[in-house]
Amino acid sequence: MPPESLTAPAQDVIHNIGYRNYSGARLGRAYARRSLFSQSLRGAYGLGRSTKSKVLPMTLFGVMCAPAAIMVAVAVATKATKLPLEYTRYAIVLQAVIGLYLAAQAPQSVSRDLRFKSIPLYFSRPIERVDYVVAKFAAMASALFLLTAAPLLILYVGALLAKLDFATQTEGFAQGLVSVVLLSLLFAGLGLVVAAVTPRRGFGVAAVIAVLTISYGAVSTVQGIALARDNTDAIGWIGLFSPITLIDGVQTAFLSATSAFPGGNGPGTGAGVVYVVVLLALIAGSFGLLMRRYRKVGL
Amino acid sequence: MIATESLSKRFPRVTALDRLSVDITPGVTGLVGANGAGKSTLIKILLGLSPATEGRATVLGLDVATEGGAIRERVGYMPEHDCLPPDVSATEFVVHMARMSGLPATAARERTADTLRHVGLYEERYRPIGGYSTGMKQRVKLAQALVHDPQLVLLDEPTNGLDPVGRDEMLALIRRVHTDFGISVLVTSHLLGELERTCDQVVVIDGGKLLRSSSTAEFTQATGSLAVEVTDSDACPDGTAALIGALAAAGLTVQPVGRAAEFAAAGSGHVVLVDVTGDDTYDTVRDAVTDLGLGLVRMEQRRHRIAEVFQTADSAHERGSSDAA
């Protein structure tokens, strides 16, 4: 047998080519931050995760959009002269859906890394604490923005199809978008802070719901009492103490929204400035708290 | 690779590192110390995540105080504790970590497949990590530290929680990281014995101070001893005692071990420890056994325990301080 035939069978086997070094691009910190942002944003809708984890966010997204689609259908069919609901009012009416979404997704976004102690793996890489917090915050806010802006877009497109006045609708749509941007930032901040201090996911979900509903319940009750006593001034100020009424106050004062406060007694421009200051302080404050939280869990 | 110069880290109540100066060359380096000796603090400083109180350190020629980001791009880190989410597969997790290291998406996927294969994870890499054994999880942790092809990896207690077989496999893998992959390794452990087999250089720290830094060969020579076990014969009813006598006569330092814990498992109570002074020690022992007509059951390098290094270092330290006084 010639010696060549001995080596011949080796050609069909898959060779272990050994370790290969990587000499390609290393895109650094900004790229890592962007990757973390997109991974978190996709994760917030269950993309890139199991089928099971897609169910809830997608269902809530559907629930959020369905009323808008119905309103549009009604408006087109009845040749109405205006939409049944203002753009700015939409998120206020569907606040429960937004709250549920936040409660489900904020813990998913931050509690997992804390609970399973994956954080050191991030911080032993080029990204730093601020990159992590910025990416997670931006991803949660963007996810909420998608959730709240999509129905507004449906309303707007529908309104144009129904041949409603273009200028009025565009203005309303723009005001609605500004309002949901603020809402997304505020809710993302609060949700992430609550989730980040409760590493157990179940507790995180409960805590987020509690923060949103208890504060809203308390504020509405006290506002109701104030209305019964004809103390309309107080109604405006009490709204400062829960996230959704805070947004309501800001848009009533500056985005020509109709207030959902009892009796429609929203804050005036003067009180509105206080609302904006509190709103911005809360967003900045949640960012600061998140930064502090992650300083502790470093390596 | 790594150089520190009187590196200190003080917390309000504890001094974690105390004027540590050490120079680590490329290769596999073991960092040994008891729990709380300052190993993890040192790693944190080397990754540029925690500023040193005083002194300076460089990793791959980069200053840890100012170039932390550049260091972390070229260095891999495997933490001691569990750090893997159970609900994703090893592939997904390592791809994500590769992207966090700055690898473009395609490269991240290719490198992940390669790296997982190299650490010995095959079909199971598509299953959720939650169902993995401890050994497999350790491999995933190692893979995420290697996926971006670093020049240096810092492995914090990689053999923790593994059974003896898993431990040996992990140590062999660590050895390969250097020999086959060309990546330098700094590996911590509280077991000197296992590092001795794997490392080129061993650094021992205790209470944040450097006890000793030397190549493994020097280590073995300095503290080496030989465990010898013999049978009894008709001529020598107590073979062990006879051997001790013969070896002592030949000028070697000998001590019986009796039923010491580490040999008890082997079922023998007749082990003699001989201090190795050079290559001729082995010949002397062999000749002594033959002359006595005993059967040689075994003759093996005894593994050192960290306690011994501490004892020798302590006595050296005491000598040093009495000199100073």
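For the structure, see preceding data.
Residues numbered from 1 in each chain as written. Chains lettered and ligands numbered in written order. Predicted model: local features only at pLDDT ≥ 70, side-chain atom pairs only at ≥ 80, totals over all residues. Heavy atoms only, no water.

Draft legend 1. Broad picture of the sheet that holds strand S3 (residues 28-32) of chain B. Residue and element names in this part refer to chain B. As summarised here, the arrangement of the six strands in space is S6-S7-S8-S3-S9-S10, forming an open sheet in which the pairing is mixed. At either end of the open sheet lies a strand with only one pairing partner, and these are strand S6 (75-78) and strand S10 (209-215). Shown here is a sheet whose adjacent strand axes are inclined to one another by a mean of 15°, direction ignored. As paired elements, strand S9 (residues 201-206) and S10 share six bridges and run antiparallel to each other. Bridge assignment links Gln201 to a residue of S10, and that residue is Ser215. (Pairing = 2+ DSSP bridges. Helix = DSSP H or I, 4+ residues; strand = E, 2+ residues; numbered from the N terminus. Axes fitted to C-alpha atoms, helices over the stretch in contact; angles between N-to-C directions.)

Draft legend 2. Main features of a nonpolar patch on the surface. Residue and element names in this part refer to chain A. A surface patch of nonpolar side chains, about 350 Å² in accessible area, is lined by Val76, Leu153, Val157 and Leu161. Looking at the nonpolar patch, the element that brings in the most residues is helix H7 (residues 129-161), giving three residues. With respect to the helices and strands, Leu153 occurs in helix H7. For Leu153, a relative accessible area of 45% translates into the label partly exposed. (Patch = residues over 30% accessible without salt bridge, like charges linked within 9 Å, V, L, I, M, F, W, Y side chains within 5 Å. Areas by Shrake-Rupley, 256 points an atom, 1.4 Å probe, with all protein chains shown as cover. Salt bridge = Lys/Arg side-chain N within 4 Å of Asp/Glu carboxyl O. Buried < 20%, exposed > 50% of the residue type's maximum accessible area, 1.4 Å probe, protein only.)

Draft legend 3. Region of the structure containing the layout of surface pockets. Empty space within the largest pocket amounts to approximately 1,000 Å³. Around the largest pocket, the lining comprises 42 residues; the ones closest to its centre are Gln39, Gly48 and Arg49 of chain A together with Val88 and Glu92 of chain B. Broken down by secondary-structure element, the contributors of at least two residues to the lining of the largest pocket are helix H2 (28-44), helix H3 (51-78) and helix H5 (95-115) of chain A together with helix H3 (90-100) of chain B. Examining the composition of the lining of the largest pocket, we find that nine residues originate from one element, H5 of chain A, more than from any other. Considered class by class, the residues forming the lining of the largest pocket number 14 nonpolar, 15 polar and 13 charged. (1 Å grid on protein atoms, 1.4 Å probe; cavity = no way out; pocket = protein on both sides within 12 Å on 5 of 7 lines; lining within 4 Å. Points joined across faces, edges and corners; volume = space filled by probe spheres on them. Nonpolar A, V, L, I, M, F, W, Y, C, P; charged D, E, K, R; others polar.)

Draft legend 4. Region of interest: the pairing of S6 of chain B. Residue and element names in this part refer to chain B. Alternating residues of S6 divide into Val75 and Tyr77 and Gly76 and Met78, and every residue in both groups is buried. In this structure, S6 lies alongside strand S7 (residues 152-155), joined through four bridges in parallel fashion. From the neighbouring strand, Gly76 faces S7, where its bridge partner is Val153.

Draft legend 5. Representation of the side chain of Gln95 of chain A within the structure. Mapped onto the secondary structure, Gln95 of chain A falls in helix H5. The contact partners of Gln95 of chain A, leaving out residues within four places of it in the chain, are Tyr216 and Ile244 of chain A. (Contact = heavy atoms within 4.5 Å.)

Draft legend 6. Representation of the side chain of Gln251 of chain A within the structure. Residue and element names in this part refer to chain A. Along the chain, Gln251 turns up in helix H11 (residues 243-254). There is a polar contact of 2.5 Å between the side chain of Gln251 and the side chain of Ser179. When near neighbours in sequence (up to four residues on either side) are disregarded, Gln251 contacts Thr88, Ile92, Ser179, Ser256 and Ala257. (Polar contact = N/O pair within 3.5 Å; in protein donor to acceptor, adjacent residues only side chain to side chain.)

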